[in-house]
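# Breakdown of the fold
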Amino acid sequence: MADVNKDRFIERLNAIQQKSDPKKKVVRKVSKDGLVVEVVKPRRKKLLPIKSMVTIALIFVMFKGFVLAQLGADEYESRIDTLKKGPSAQVFAAFLLDSDPATEAMARGLRVVMPGK
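Basis of the calculations
- Residues numbered from 1 in each chain as written.
- Predicted model: local features only at pLDDT ≥ 70, side-chain atom pairs only at ≥ 80, totals over all residues.
- Heavy atoms only, no water.
- Helix = DSSP H or I, 4+ residues; strand = E, 2+ residues; numbered from the N terminus.
- Rg over C-alpha atoms; globule rule 2.2 N^0.38 Å.
- Buried < 20%, exposed > 50% of the residue type's maximum accessible area, 1.4 Å probe, protein only.
- Contact = heavy atoms within 4.5 Å.
- Axes fitted to C-alpha atoms, helices over the stretch in contact; angles between N-to-C directions.
- Parallel < 35°, antiparallel > 145°, perpendicular 65-115°, else oblique.
- Polar contact = N/O pair within 3.5 Å; in protein donor to acceptor, adjacent residues only side chain to side chain.
- Salt bridge = Lys/Arg side-chain N within 4 Å of Asp/Glu carboxyl O.
- Pairing = 2+ DSSP bridges.
- Core = buried A, V, L, I, M, F, W, Y, C linked by side-chain atoms within 4.5 Å.
- Left-handed = near helix turned anticlockwise from the far one by under 90°.
- Nonpolar A, V, L, I, M, F, W, Y, C, P; charged D, E, K, R; others polar.

With that settled, the discussion passes to the overall build of the protein. Tallying secondary structure elements over the protein gives 5 helices and 2 strands in all. Here the protein has a C-alpha radius of gyration of 29 Å; the compact-globule value for 117 residues is 13 Å, and the former is much larger. By its C-alpha atoms, the protein is 85 × 35 × 35 Å across when sized along the principal axes. Classification of the 117 residues of the protein by burial places 10% in the buried group. Pairs at least 24 apart in sequence give 39% of the contacts found in the protein among residues at least 6 apart.

This next bit is on the packing of helix H3 (residues 73-84) against helix H4 (residues 88-97). It is at 7 Å that the axes of H3 and H4 come closest, and there the two elements cross at 150°. Relative to H4, the element H3 is oriented roughly antiparallel. Facing Tyr76, Ile80, Leu83 and Lys84 of H3, the residues of H4 in contact are Gln90, Val91, Ala94 and Leu97.

Now for the side chain of Lys64. As for its position among the elements, Lys64 is in helix H2 (residues 50-71). Judged by relative accessible area, which is 3%, Lys64 ranks as buried. Reaching out from Lys64, the side chain makes a polar contact with the backbone oxygen of Leu96 at a distance of 3.1 Å. Residues contacting Lys64, with those up to four places away along its chain left out, are Tyr76, Leu96, Leu97, Asp98, Asp100 and Thr103.

What follows is about the side chain of Thr103. Residue position: Thr103 is located in helix H5 (residues 101-113). Accessibility expressed as a relative area gives 0% for Thr103, which makes it buried.

This next bit is on the pattern of salt bridges. Applying the stated rule across the entire model yields 3 salt bridges. Close ionic contact of Glu38 with Arg28 constitutes a salt bridge, the shortest N to O distance being 3.2 Å. In this pair, Glu38 sits in strand S2 (residues 36-42) while Arg28 sits in strand S1 (residues 24-30), placing the two residues 10 residues apart along the sequence. With a shortest N-O distance of 2.8 Å, Arg79 and Glu75 are connected by a salt bridge. Of this pair, Arg79 and Glu75 both sit in helix H3, 4 residues apart, roughly one helical turn.

So, on to the pairing of S2. In the sheet, S1 pairs with S2 via 7 bridges, with the strands oriented antiparallel. When the bridges of S2 are listed, Arg28 appears paired with Glu38. Between S1 and S2, which pair antiparallel one after the other, the connecting turn spans 5 residues, and Gly34 there sits at a positive phi close to 90°.

Quick look at the nonpolar core now. Formed by Leu68, Ala69, Tyr76, Ile80, Ala94, Ala107 and Met114, the largest nonpolar core amounts to 7 residues. Of all elements in the fold, only H2 and H3 reach the threshold of two or more residues within this core.

Attention now moves to the packing of H2 against H5. The interhelical angle for the contact between H2 and H5, taken along N-to-C directions, is 55°, at an axis separation of 8 Å. The orientation of H2 with respect to H5, classified from their angle, is oblique. The crossing of H2 and H5 is right-handed. Residue-level inspection shows Val61, Met62, Lys64, Gly65, Phe66, Leu68 and Ala69 of H2 in contact with H5, the latter providing Ala102, Thr103, Glu104, Met106, Ala107, Leu110 and Arg111. Its residues placed into classes, the contact of H2 with H5 shows 9 nonpolar, 2 polar and 3 charged.

Rendered as structure tokens:
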């Protein structure tokens with residue numbers, strides 16, 4: 001025969017563990033009889049991982065700046081022009097790789113540090 005007190009204890013223990021989970025949000029509501037009840041709601045997942053997207057964009061700009069500093073502005077632009085004359089995938093790549101103010105600033109900073117050019 002199962003012990004009723006033990007079953008209730010396990011239920012209460014599970015409820016406490018659920019409420020203490022940092023991934024879940026606890027909302028307090030007033031029930032029909034006037035008792036304040038804690039309801040556990042799971043937290044929503046973020047749709048866009050903004051930190052990751054910003055990090056990827058920053059790495060991409062750094063890469064473009066490194067290549068621009070390594071090749072030089074004239075050579076970089078000539079290679080971008082060759083990409084613009086290709087098929088649509090290469091035109092899209094040329095659009096992404098085209099130099100912008102952030103890339104040029106990164107290249108200027110890297111030219112100071114890099115030996116050679």
